[in-house]
Amino acid sequence: MAALVASAALLVFAASSAASDEGQARAAGALTASRARHSTFWTWDDGREPVRRRLDTDDVRFPPGFLWGVASAAHQVEGGCANNNWARWEEGRDAAGAPRPRAGAACEHWTRFREDIELMRSLGLTSYRFSIEWSKIEPAPGVFDGEAIAHYHEVLDALRAAGIAPMITLFHFTIPAWFEELGGFEVESNNGFFVAFAQRAFAEYGGKCELWCTVNEPEVYVEGGYSSGKFPPCKQDMHLAAVVLRNLLEAHVLVYAALKAMPGGAAAQIGLVKDIFQFEPYNAYSPLDTAAASIVDSIMNESILRFLRTGHFSFWMPGQVRLTRTNTRAPASYDFIGLNYYSHHHVRVRLPSARAPHPFELLHLPREEALMTDLAYPMYPEGFYHALVRVGKLGKPVYVTES
């Protein structure tokens with residue numbers, strides 16, 4: 001049975017221009033619910049408004065052109081991704097000495113994409129976000145694989161024939177092995193290689209795809225690879241984490257400008273995908289936990305959102321690193337913001353150790369009333385609302401690109 005890009009996590013892929021919606025002014029208010037006529041009514045204010053705004057959840061309508069879709073990342077679903085940083089990492093062993101799981105053939109999406117697209121069509125989906133695997137298209141510096149390029153043309157043609165709008169992601173955590181050997185995004189001058197890849201991809205596919213994501217969840221890539229060390233390259237270096245995050249954001253700005261300057265670039269919609277977790281104190285009465293939650297949120301969320309709003313990047317971890325950069329082109333470097341939302345974290349202060357060098361830990365608190373996902377995240381719908389309001393303040397259309 002063909003796999004419907006199951007490793008992708010996107011349930012609702014929504015387009016919204018609600019950045020100026022009056023409800024955003026009430027973001028700080030409580031979200032409450034009441035029962036009436038067997039319907040659930042949600043109120044979006046803080047209870048002090050003269051007229052309460054209610055949404056009858058039994059009478060919800062979406063505007064024409066609203067996109068419903070799924071999403072994937074190439075390494076998770078395609079199979080045959082053997083020439084990138086993640087494949088190399090899979091060849092090693094974890095901290096306990098056990099072999100790491102390998103993607104291998106994955107969902108066989110590379111060979112079964114037509115079946116998968118038919119499954120999408122049968123579900124009534126109208127959009128599909130997917131990443132194109134850099135290591136397959138450019139297996140060596142400046143060397144482009146014609147068969148891989150042709151493959152993604154076939155994917156795009158099949159999607160368009162099925163009435164499904166494509167959205168291409170250029171970087172979704174995997175980089176070619178050769179790029180990693182050059183230092184990857186740890187070296188700012190390497191950004192030119194990524195820009196050149198993006199330009200080649202856009203020259204090939206720009207006429208078939210209107211929606212483009214430059215970088216997926218830059219802070220997740222940085223946290224996993226350079227803070228917790230759970231993802232390749234498995235480092236725990238907060239200064240390097242700050243450098244890589246800065247370089248990824250600078251790469252986004254460069255790619256945006258380069259693609260907009262190309263034929264068809266003005267008509268393309270180009271954005272960055274931002275994951276939003278709420279970071280809350282483990283103990284709301286603890287000044288230390290509260291301060292730690294604020295610092296983590298500043299690194300994981302606000303450093304990126306501020307850069308997009310103002311062009312100012314600031315990464316600060318007390319006692320470890322403070323890195324700043326200003327790029328005046330950043331506020332005009334995106335046509336939309338992609339929002340990935342899953343859950344929230346609780347932050348607790350702890351004593352650093354050799355295996356856990358950071359003075360805090362991120363926890364999920366299972367609650368009896370909460371549904372837990374396979375990733376051990378509690379379902380936290382309220383956080384989705386707050387995440388939408390937060391990215392909506394950027395003043396650009398919002399696409400919910402994962403949930």
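The structure this text deals with has already been given above.
What you see is a predicted model; the values in this text were computed from it and never measured.

**Considering the layout of surface pockets**
Thought 1: Here the second largest pocket is characterised by a volume of approximately 270 Å³.
Thought 2: As for the second largest pocket, its lining consists of Trp-89, Asp-94, Ala-95, Arg-100, Gly-229, Lys-230, Cys-234 and Arg-355.
Thought 3: For the lining of the second largest pocket, the class distribution of residues is three nonpolar, one polar and four charged.

**Remarks on the nonpolar core**
Thought 1: Residues Ile-132, Leu-170, Phe-194, Tyr-205 and Trp-212 are the most contacted members of the largest nonpolar core, which totals 92 residues.
Thought 2: Considering each element in turn, this core owes the most residues, 15 residues, to helix 9 (residues 238–260).
Thought 3: Once residues within four sequence positions are removed from consideration, Phe-194 is found in contact with Trp-134, Leu-170, Phe-171, Phe-185, Thr-214, Val-215, Ala-251 and Val-255.
Thought 4: Within the second largest apolar cluster, seven residues are counted, among which are Leu-67, Met-167, Cys-213 and Phe-336.

**A look at the packing of aromatic side chains**
Centre-to-centre distance and the angle between the planes together describe a pair of aromatic rings.
Thought 1: In total, this model carries 28 aromatic pairs according to the counting rule given.
Thought 2: Between Phe-171 and Tyr-221 the ring centres are 5.1 Å apart and the planes differ by 85 degrees, which places this aromatic pair in the edge-to-face class. With Phe-171 in strand 7 (residues 165–171) and Tyr-221 in helix 8 (residues 218–227), this pair connects stretches of sequence that are 50 residues apart. Residues Phe-171 and Tyr-221 agree in their burial class; the two are buried.
Thought 3: Ring geometry for Phe-185 versus Phe-194: centroids 5.6 Å apart, planes at 80 degrees, classification edge-to-face.

**Thoughts on the environment of Ala-201**
Thought 1: Relative to the elements of secondary structure, Ala-201 occurs in helix 7 (residues 191–205).
Thought 2: The class of Ala-201 is buried, set by a relative accessible area of 3%.
Thought 3: For the pair Ala-201 and Ile-137, spaced 64 residues apart in sequence, the C-alpha separation works out to 8.7 Å.
Thought 4: Ignoring sequence-local partners within four residues, the contact set of Ala-201 consists of Ile-132, Leu-170, Gly-206 and Trp-212.

**Quick look at the packing of helix 7 against helix 9**
Thought 1: Their axes nearest at 9 Å, the elements helix 7 and helix 9 cross at an angle of 35 degrees. The two elements helix 7 and helix 9 meet at a crossing, and its hand is right-handed. Contacts between helix 7 and helix 9 pair Asn-191, Phe-194, Val-195, Ala-198, Gln-199 and Phe-202 from the former with Asn-247, Glu-250, Ala-251, Leu-254, Val-255, Ala-258 and Leu-259 from the latter.

**Examining empty space enclosed by the protein**
The gaps of empty space that remain are located by a probe, the size of a water molecule, rolled over the atoms.
Thought 1: All chains considered together, the criterion is met by two cavities of 30 Å³ or more.
Thought 2: What the largest cavity holds in volume is close to 60 Å³.
Thought 3: Ser-72, Glu-78, His-109, Trp-110, Tyr-128, Phe-130, Ser-131, His-151, Tyr-152 and Val-155 are the residues that line the largest cavity.
Thought 4: Where the lining of the largest cavity is concerned, the elements lending two or more residues are helix 3 (109–122), strand 6 (127–131) and helix 5 (146–161).
Thought 5: Grouping the amino acids of the lining of the largest cavity by side-chain chemistry returns five nonpolar, four polar and one charged.
Thought 6: For the second largest cavity, the calculated volume is near 40 Å³.
Thought 7: For the second largest cavity, the full set of lining residues is Ser-131, Ile-132, Glu-133, Trp-134, Leu-170, Phe-171, His-172 and Thr-174.
Thought 8: Across the lining of the second largest cavity, the residue classes break down as four nonpolar, three polar and one charged.

Rules and cut-offs
- Residues numbered from 1 in each chain as written.
- Predicted model: local features only at pLDDT ≥ 70, side-chain atom pairs only at ≥ 80, totals over all residues.
- Heavy atoms only, no water.
- 1 Å grid on protein atoms, 1.4 Å probe; cavity = no way out; pocket = protein on both sides within 12 Å on 5 of 7 lines; lining within 4 Å.
- Points joined across faces, edges and corners; volume = space filled by probe spheres on them.
- Nonpolar A, V, L, I, M, F, W, Y, C, P; charged D, E, K, R; others polar.
- Core = buried A, V, L, I, M, F, W, Y, C linked by side-chain atoms within 4.5 Å.
- Buried < 20%, exposed > 50% of the residue type's maximum accessible area, 1.4 Å probe, protein only.
- Helix = DSSP H or I, 4+ residues; strand = E, 2+ residues; numbered from the N terminus.
- Contact = heavy atoms within 4.5 Å.
- Phe/Tyr/Trp six-rings, centres within 6.5 Å; stacked < 30°, edge-to-face > 60°.
- Axes fitted to C-alpha atoms, helices over the stretch in contact; angles between N-to-C directions.
- Left-handed = near helix turned anticlockwise from the far one by under 90°.

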